[in-house]
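Structure at a glance
Letter by letter, the chains look like this.
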Amino acid sequence: MNKKLEILYEDNHIIVVVKPYNVLSQADNTNDIDMLFIIKMYIKEKYNKPGNVYLGLVHRLDRPVGGIMVFAKTSKAASRLSEQVRERKLKKRYLAVVHGIIKNDNDELINYIVKCKDNSSKITVKDEGQIAKLKYTVLERNIKENLTLVDIDLETGRHHQIRVQMANIGHTLYGDQRYGKQDKKQIALFSYELEFIHPVNKELMKFEKMPYKEGVWKLFKSVK
């Protein structure tokens, strides 16, 4: 269990880890293994803790998406980090590979998004709903493969936001089986940067982790 857990930072209050692709952030009705369970087992084994282990889920990543996450080891840390999420002080940046060649070097996308009415978990862009904002910068264009690598600064953390907003401008994420091509490829979306204020000592914490240079990521020199 421990060998599968990539830890970037840990102290008495928080633990920062890399969530692998296709692992749940928290348990759902599939009963598949999730990050909360994996980290709780790690803490239980490492510190020989009896009984239940407290671990607070502060934010989520979609199941197919990989990247950096912070979890709280105390209720006080959980409360303070959750407040940062609400106040948009916890900042995340993503790398994404999208279909097509984006012409603009950078842009800001502002949309209203809502849940579809067909009882699916899909999100769609409408004239009203929750406001969704992101900024993107093109890092590299692969003309041969008709793919673009973008850096995404997420200003609001809505459900499926990046996937929906990029699809809305005609550039679906590579491997996005919900909003893009049904090609059974791994989605190319990775939360590579996480920034927040430490909940106890108030220090600015910033972490970076690039996706592994495998699959579609190998097509881009910018992914080191």
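In this text the structure is predicted, and so the values were computed from the model without any measurement.

**Some remarks on the side chain of Asp-34**
Mapped onto the fold, Asp-34 is located in the loop between strand E2 (14–19) and helix H1 (35–46). Buried charge without a salt bridge: Asp-34, with Lys-40 as the nearest opposite-charge side chain at an N-O distance of 7.3 Å. Polar side-chain contacts of Asp-34 include one of 3.1 Å to the backbone nitrogen of Phe-37. The contact partners of Asp-34, leaving out residues within four places of it in the chain, are Val-23, Leu-24, Ser-25, Gln-26 and Ala-27.

**A few points about the nonpolar core**
Counting residues in hydrophobic clusters, the biggest one holds 32 residues, and the most contacted among them are Ile-39, Phe-71, Tyr-136, Ile-152, Ile-162 and Met-166. Among the secondary structure elements, those contributing two or more residues to this core are E2, H1, strand E4 (66–72), strand E5 (91–99), strand E8 (130–142), strand E9 (147–154) and helix H3 (161–168). The element contributing the most residues to this core is H1, with six residues. Apart from the residues lying within four places of it in its own chain, the contact partners of Phe-71 are His-13, Ile-14, Ile-15, Val-17, Ser-25, Met-35, Leu-36, Ile-39, Leu-55, Gly-56 and Leu-57.

**Considering the pairing of E2**
The element E2 is extensively covered by neighbouring structure, given that six of its six residues are classed as buried. Of the two faces of E2, both are covered, the one formed by Ile-14, Val-16 and Val-18 as well as the one formed by Ile-15, Val-17 and Lys-19. Where strand E1 (residues 6–10) and E2 come together, four bridges link them in antiparallel fashion. If you follow Glu-10 over to E2, its bridge partner there is Ile-15. Here E1 folds back onto E2 in antiparallel fashion, the turn holding three residues. In terms of strand pairing, E2 meets E4 through six bridges, oriented antiparallel. The partner of Ile-14 across the bridge, within E4, is Ala-72.

**Notes on H1**
Taking 1.5 Å as the rise per residue, H1 with 12 residues should run 16 Å; its terminal C-alpha atoms sit 16 Å apart, in good agreement. Those residues of H1 not exposed but buried are Met-35, Leu-36, Ile-38, Ile-39, Tyr-42 and Ile-43. The buried residues of H1 all sit within an arc of 165 degrees when viewed along its axis, so they share a single face. Its side-chain oxygen at 3.1 Å from the backbone nitrogen of Leu-36, Asp-34 defines the N-terminal cap of H1. Backbone geometry just after H1 places Asn-48 at a positive phi near 50 degrees.

**Quick word on H3**
In terms of residue burial, H3 counts as a mostly covered element, since six of its eight residues are buried. The complete set of buried residues in H3 reads Gln-161, Ile-162, Arg-163, Val-164, Gln-165 and Met-166. One or two positions beyond H3, positive phi appears at Gly-170, with a value near 85 degrees.

**Overview of the pattern of salt bridges**
Within the structure shown, the criterion is met by 11 salt bridges. Between Arg-141 and Asp-105 there is a salt bridge; the shortest N-O distance is 2.8 Å. One end of the pair, Arg-141, is in strand E8; the other, Asp-105, is in the loop between E5 and strand E6 (106–115), and 36 residues separate them in sequence. Accessibility expressed as a relative area gives 48% for Asp-105, which makes it partly exposed.

Cut-offs used in this document
Residues numbered from 1 in each chain as written. Predicted model: local features only at pLDDT ≥ 70, side-chain atom pairs only at ≥ 80, totals over all residues. Heavy atoms only, no water. Helix = DSSP H or I, 4+ residues; strand = E, 2+ residues; numbered from the N terminus. Buried < 20%, exposed > 50% of the residue type's maximum accessible area, 1.4 Å probe, protein only. Lys, Arg positive; Asp, Glu negative; His and termini not counted. Salt bridge = Lys/Arg side-chain N within 4 Å of Asp/Glu carboxyl O. Polar contact = N/O pair within 3.5 Å; in protein donor to acceptor, adjacent residues only side chain to side chain. Contact = heavy atoms within 4.5 Å. Core = buried A, V, L, I, M, F, W, Y, C linked by side-chain atoms within 4.5 Å. Pairing = 2+ DSSP bridges. Expected span 1.5 Å × (residues − 1). Arc of directions from axis to C-beta.

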